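Residues per chain are reported as follows:
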Amino acid sequence: MPSILVLNGPNLNMLGKREPGLYGAKTLSDIDEMCRATGAQLGLEVDCRQSNHEGELVDAIQTSAGAFDGIVLNAGAYTHTSIALRDAILATGVPVIELHISNVYAREDFRHESKIAPVAAGLIVGLGPDGYALAIRAFAQRLNA
Ligand code: DQA
């Protein structure tokens, strides 16, 4: 069965408590459950991980080669800064959908730049937690195409 890694970066473990006006009331475990359920409907196995540490996210991307068919990546603030994550994506070659719960383009200027977007297969931005389910659906379509 094809498998997808849902990888969340720093502060996303705080969902539910963190700025709920921006990020909503769902916790990360609610989102993880929704991702697994969406995957199950579509015949995809979904593994969900989170880390606050850049190097651990790099490790997760590196070890995804051969283990996963795609990565849904919400790198949080590292999106805007991390050349290391971008290089890991390029080194690994596993397609990545960059995801943001909030509309980063309607926020501060420093959130308008993404180091990851140029090497991503696609982006889902500003659609709330439902964006994760949409990203998994997008991978299901790509894998069946
Ligand atoms: C975020 C947007 C980032 O700018 C921010 O640093 C986050 C969350 C989002 O999901 O909207 O931590 O990636």
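Residues numbered from 1 in each chain as written. Predicted model: local features only at pLDDT ≥ 70, side-chain atom pairs only at ≥ 80, totals over all residues. Heavy atoms only, no water.

1. A word on the sheet that holds strand 2 (residues 45–50)
Read from one edge to the other, the open sheet built from five strands follows the order 2-1-3-4-5, with strand pairing classed as parallel. The open sheet has two free edges, formed respectively by strand 2 and strand 5 (122–125), since each of these has just one partner strand. For this sheet, the mean inter-axis angle between neighbouring strands, taken without regard to orientation, is 20°. Across four bridges, the pairing between strand 4 (residues 96–100) and strand 5 is parallel. If you follow Ile 97 over to strand 5, its bridge partner there is Gly 122. Helix 2 (residues 28–42) contacts strand 1 (3–8) and strand 2 of the sheet and is inclined by roughly 160° relative to strand 2. (Pairing = 2+ DSSP bridges. Helix = DSSP H or I, 4+ residues; strand = E, 2+ residues; numbered from the N terminus. Axes fitted to C-alpha atoms, helices over the stretch in contact; angles between N-to-C directions. Contact = heavy atoms within 4.5 Å.)

2. Points about the layout of surface pockets
Considering only enclosed or pocket space, the largest pocket measures out at about 160 Å³ in volume. Lining the largest pocket are 15 residues, with Arg 18, Tyr 23, Gly 76, Ala 77 and Arg 111 positioned closest to its centre. Here the lining of the largest pocket is composed, by residue class, of six nonpolar, six polar and three charged. (1 Å grid on protein atoms, 1.4 Å probe; cavity = no way out; pocket = protein on both sides within 12 Å on 5 of 7 lines; lining within 4 Å. Points joined across faces, edges and corners; volume = space filled by probe spheres on them. Nonpolar A, V, L, I, M, F, W, Y, C, P; charged D, E, K, R; others polar.)

3. Remarks on the pattern of salt bridges
Taken as a whole and assessed by the stated rule, the structure comprises four salt bridges. Among the ionic pairs, Asp 47 bridges to Arg 49, the shortest N-O distance being 3.2 Å. Looking at Arg 49, the relative accessible area reads 33%, which means it is partly exposed. Measuring nitrogen to oxygen at the nearest pair gives 3.8 Å for the salt bridge that ties Arg 107 to Glu 108. Residue Arg 107 is classed as buried on the basis of its relative accessible area of 16%. (Salt bridge = Lys/Arg side-chain N within 4 Å of Asp/Glu carboxyl O. Buried < 20%, exposed > 50% of the residue type's maximum accessible area, 1.4 Å probe, protein only.)

4. Some words on the site of the ligand
Taken together, Arg 18, Tyr 23, Asn 74, Gly 76, Ala 77, His 80, His 100, Ile 101, Ser 102, Val 104 and Arg 111 make up all the residues around the ligand. Between the ligand and the protein, one listed contact pairs an oxygen atom with a side-chain N or O atom of Arg 18 at 3.0 Å. Here Ile 101 contributes a backbone N or O atom positioned 2.8 Å from an oxygen atom of the ligand. Spatially, the ligand is embedded in the largest pocket. Within the shell around the ligand, the residues separate by chemical class into four nonpolar, five polar and two charged. (Near = heavy atom within 4 Å. Polar contact = N/O pair within 3.5 Å; in protein donor to acceptor, adjacent residues only side chain to side chain. Sits in = over half its atoms within 2 Å of the grid points.)

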